[in-house]
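A closer look at the structure
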Amino acid sequence: MFFKFVNPAPLSEPIGTRDSNIYLLKTLHISGLDFYNDFGIGRKIWRVISFSYNILYLPLSFPINYKIHFSQFPPDLLLQSLQLCLNTWCFSIKFFTLAIFTERLEMANKCFDELDVYCVTPEEKRKVRVAVATINKLYLIFGIVYFLYATSTLMDGLFHDRVPYNTYYPFIDWRLDRRQLYIQSFVEYFTVGYAIFVATATDSYPVIYIAALRTHILLLKERIVRLGEANNEGSADPDSIFKSLVECIKAHRTMLNFCDTIRPIISGTIFAQFIICGSILGVVMINMVLFADQSTRFGIVTYVMAVLLQTFPLCFYCNAIVDDCNELADALFHSAWWMQDRRYRSTALQFLQKLQQPITFSAMNIFTINLATNINVAKFAFTVYAIASGMNLDQRLQQQDSDVASP
C-alpha cells in the first residue's frame, strides 16, 4: 500500500531509516532524477522535458510575460505573480542542485543503513519505525499544503476571471476570451502543478534527512547514558563495556560522515531560500494588506504556509540538533567512565572532546541554519513591507492602473 510508511511498522518488517525518505525519492524519480538506474528511452525523453521545464522554461516564463503584458497587470495580480516568480527561481536552483548531487542522497541513505546496525534492542528498532512514520507524515503535510495552494489559486483565478499563475504560453492569451481563459487556467494548473508537486521534494528534503539524523542522535544519547554499566546479559566484562564505547564512537563518526555528505546540497539551496524567502514574504504582506480581497486571501494564506514550511522546520531541527549534541557531551561526562580501566578512560576523554563540537549546518558559510536566522528572515519581510508603505506603493500602483485603464 502507498501509505504503509505513515504508520509505525511492526518489528517483524524490515524497515530502516532510509524508508523515511521513500516518498521524497519517488517524487524526485518521477521528476527525472535517476535513483533506481532504470532509465530507458522513454524516461530519458521525459527527463529532458522535465529538466527543460523546471530549470529553464518555468523561471523564464514570468519575465517574458512581464515584458509582453506588463501594462495589463493590475497591482494585486502583479504582486501575486511576482511572489510565485521569485519562488520558481529558487525552485529552479534547488532542482538543478539536486540534479548535480543526486548520488549524495544515496550516500546519505547508506550512512543511515550503517546507523541502523547499531540499533539492536527492540526499543531502539521501535523508535526508528516511529521516526520513519513521523517523517513520512511530515512529507505528506508538505504535499497537502502545496496542493491546497495550487487548487485554491486555481479557484480564485476562475472566480476573478483570470489565470491562476500568469505564466507565459506563446499560443494562448487568456485576455482574449473566456474559452482561452479556461484553456490556459487548466494548462497552468497541470504544468505549474507538476512543478509544485516536484517542489514538495526539493523543499522538504533537507528537513527529512535532518529529522532522521536527529533520531539517531537521540538514540546515541541513550546508549551513552548506559555506558559503563553492565550489558543486557548482566556482564560487566571490561572488554564488553569498552566495545560498547567503541560502537558509540563509530556511530558518531558515521553521523559526521552523513553531515559531510549532505552539507554541500543543503548549503547552497537553503542560502538561496533564505535570500528569496524574506522578499517573498514581504511581497505577500503587501498584497494581502493593501490589495487582496477576501476571497484571494485564503490562497495567500496557504502560500504563506508553503513558504514557511521551506525554512521553519529545518531551522527548528537544526536548532534542536545543537542542543542534542550538547546533551551528548553531558551524558558522556556523567556516565560511569571514571570507574573503568585506563584504556576506557583515555578513549572516553577523547570522545568527550569530540562531542563538545556540536553538529551545525550553515548556508554557504554565511547564515547559520537555526531559529534565529529564520526570525531574521521574517524581520526582513516586515522591512520590505515597511519600505513599500513608506513609498505609498499602493497609491502609486493604483494610480498607474487607473491611468492604463483610462482612454
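Residues numbered from 1 in each chain as written. Predicted model: local features only at pLDDT ≥ 70, side-chain atom pairs only at ≥ 80, totals over all residues. Heavy atoms only, no water.

1. Thoughts on the layout of surface pockets
As a volume, the second largest pocket reaches approximately 380 Å³. Lining the second largest pocket we find 18 residues, and of these Y139, G143, F147, F197 and T200 sit closest to its centre. Of all the secondary structure elements, the ones that give two or more residues to the lining of the second largest pocket are helix 1 (22-30), helix 5 (122-159) and helix 6 (178-225). In terms of residue count, helix 6 provides more of the lining of the second largest pocket than any other element does, 7 residues in total. Residue classes in the lining of the second largest pocket are distributed as 13 nonpolar, 4 polar and 1 charged. (1 Å grid on protein atoms, 1.4 Å probe; cavity = no way out; pocket = protein on both sides within 12 Å on 5 of 7 lines; lining within 4 Å. Points joined across faces, edges and corners; volume = space filled by probe spheres on them. Helix = DSSP H or I, 4+ residues; strand = E, 2+ residues; numbered from the N terminus. Nonpolar A, V, L, I, M, F, W, Y, C, P; charged D, E, K, R; others polar.)

2. Describing the packing of aromatic side chains
Across all of its chains, the model carries 17 aromatic pairs by this definition. Taken together, a centroid distance of 6.0 Å and an interplanar angle of 15° make the contact between F112 and Y209 stacked. Pair noted here: F112 is in helix 4 (residues 102-117) and Y209 is in helix 6, with a separation of 97 residues, a long-range link. An identical accessibility class is assigned to F112 and Y209; each is buried. Centroid distance F316 to Y317: 5.5 Å. Interplanar angle 80°. Geometry classified as edge-to-face. Look at F316 and you get partly exposed, because its relative accessible area is 38%. By way of ring pairs, the aromatic residues F51, F91 and F95 are connected into one cluster. Positioned over the ring face of F361 is R263, at 5.1 Å from the centre of the ring. (Phe/Tyr/Trp six-rings, centres within 6.5 Å; stacked < 30°, edge-to-face > 60°. Buried < 20%, exposed > 50% of the residue type's maximum accessible area, 1.4 Å probe, protein only. Lys NZ or Arg CZ within 6 Å of the ring centre and 35° of its normal.)

3. Quick look at the nonpolar core
In this structure, L105, I224, F258, I262, F361 and I369 are the most contacted members of the largest nonpolar core, which totals 117 residues. When residues of this core are assigned to their parent elements, the largest contribution, 21 residues, is made by helix 6. Residue contacts for I224: discarding those within four places in its chain leaves C248, L328, A331, L332, S335, F351 and L355. (Core = buried A, V, L, I, M, F, W, Y, C linked by side-chain atoms within 4.5 Å. Contact = heavy atoms within 4.5 Å.)

4. Thoughts on the pattern of salt bridges
In total, this model carries 15 salt bridges according to the counting rule given. Notably, a salt bridge pairs R175 with D173, separated by 3.6 Å at the nearest N-O pair. By relative accessible area, which is 23% here, R175 ends up partly exposed. Its salt-bridge partner being K221, residue E327 comes within 2.6 Å of it at the nearest N-O pair. Of this pair, E327 sits in helix 9 (residues 312-333) while K221 is found in helix 6, placing the two residues 106 residues apart along the sequence. For E327, a relative accessible area of 35% puts it in the partly exposed group. (Salt bridge = Lys/Arg side-chain N within 4 Å of Asp/Glu carboxyl O.)

Note that all results are geometric; they support no functional claim without further evidence.
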